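# Descriptive analysis of the structure
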Amino acid sequence: MDYEHKANTVADCLLSYRKDESGWKVCKKSNDVIVSWRPSIEYPGNVYKGEGIVNGSPEKVWECLKPVPNGLRVKWDNNVKKFELLEQVTEDISVCRTVTPSAAMGIIAPRDFVDVILVKQYEDGTIASNATNVGHPSCPPQSGYVRGFNHPCGCICVPISGLQKQEHLVSYFGLLVSFHLTNTRESPTRRRCSVSSRQT
C-alpha cells in the first residue's frame, strides 16, 4: 500500500474542511466546546467537527495530542487505552494501532483501529495530525477486539493571532465501527450491532 499517498490525500481532505465552512450544523454546544456535523462527500454518513479554545503554547498543546506510543494522550484520554507504532514510513508518516477500552461494564468489547498518520506543520504555525484507516500485514483483526475504521480524521492546532498562549483546537472525525454486545445470561452468545457515523 502507498501509505505516503494516502496520508497526503487525508491532509488535503482535512485542509479542505478548514477552508470550506459552509454546511456545518451545531449539534452540541457548551461554554468550552462546539460540536458540528455535515454530510460527507467522501463517504456515506456525516463528518463531525469539535472545536474550542485551549490555553497553552502550541508546543504544550501539541505535546498532549501527539500520536506517539507512551505519549500524554494515553494518560489523559479515557477513550485511548493503548497506542502502538506498527511502522515508521517516513519521519512524519507512521502506521499505528489504537486500542479503546471496553465500555458499559464490559458489555461492549474493546475496539482497535489501524491508521496511517501524517503529522504536518504549516507556515502559519498550525500543526495537524491527519489519519485514516489502512490495513497492515503485521496487524490483522485480533480476537477480543472489534476492528473499527476511521474515515479521514485528525486534530489541528491553530495559533490565535496576537495570543501566544491560546490555541484554536479543531478535531474532525468520522468512523465506521461494529461492536459486540455480550449476552450476560449466556456469555458464549454474542450479538453484533453496527454503528456508523450516520448516527449521532
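Here is a short report on the structure shown in this document.

Right, let's talk about the nonpolar core for a bit. Of all hydrophobic cores here, the largest spans 23 residues; its most connected members are Tyr-17, Val-95, Val-116, Val-134, Ile-156 and Tyr-172. Elements with a minimum of two residues in this core: helix H1 (3-19), strand S5 (93-100), strand S6 (111-121), strand S9 (153-160) and strand S10 (163-173). Setting aside residues up to four positions removed in sequence, Ile-156 forms contacts with Arg-18, Thr-126, Ile-127, Ala-128, His-168, Leu-169, Val-170 and Tyr-172. Grouped together as the second largest cluster of nonpolar side chains are seven residues, Val-61, Ile-127, Cys-157 and Leu-169 included.

Turning our eyes to something else, we now look at the pattern of salt bridges. Here the structure, examined in full by the defined rule, presents nine salt bridges. Across the salt bridge formed by Lys-82 and Glu-84, the nearest N and O atoms sit 3.7 Å from each other. By relative accessible area, which is 36% here, Lys-82 ends up partly exposed. For Glu-84, a relative accessible area of 25% puts it in the partly exposed group. The residue Glu-84 makes a salt bridge to Arg-97 at a minimum N-O spacing of 3.3 Å. One end of the pair, Glu-84, is in strand S4 (residues 82-88); the other, Arg-97, is in strand S5, and 13 residues separate them in sequence. What you see here is one network of salt bridges that share partners, running through Lys-82, Glu-84, Arg-97, Asp-112 and Arg-147.

The rules behind the values
Residues numbered from 1 in each chain as written. Predicted model: local features only at pLDDT ≥ 70, side-chain atom pairs only at ≥ 80, totals over all residues. Heavy atoms only, no water. Core = buried A, V, L, I, M, F, W, Y, C linked by side-chain atoms within 4.5 Å. Buried < 20%, exposed > 50% of the residue type's maximum accessible area, 1.4 Å probe, protein only. Helix = DSSP H or I, 4+ residues; strand = E, 2+ residues; numbered from the N terminus. Contact = heavy atoms within 4.5 Å. Salt bridge = Lys/Arg side-chain N within 4 Å of Asp/Glu carboxyl O.

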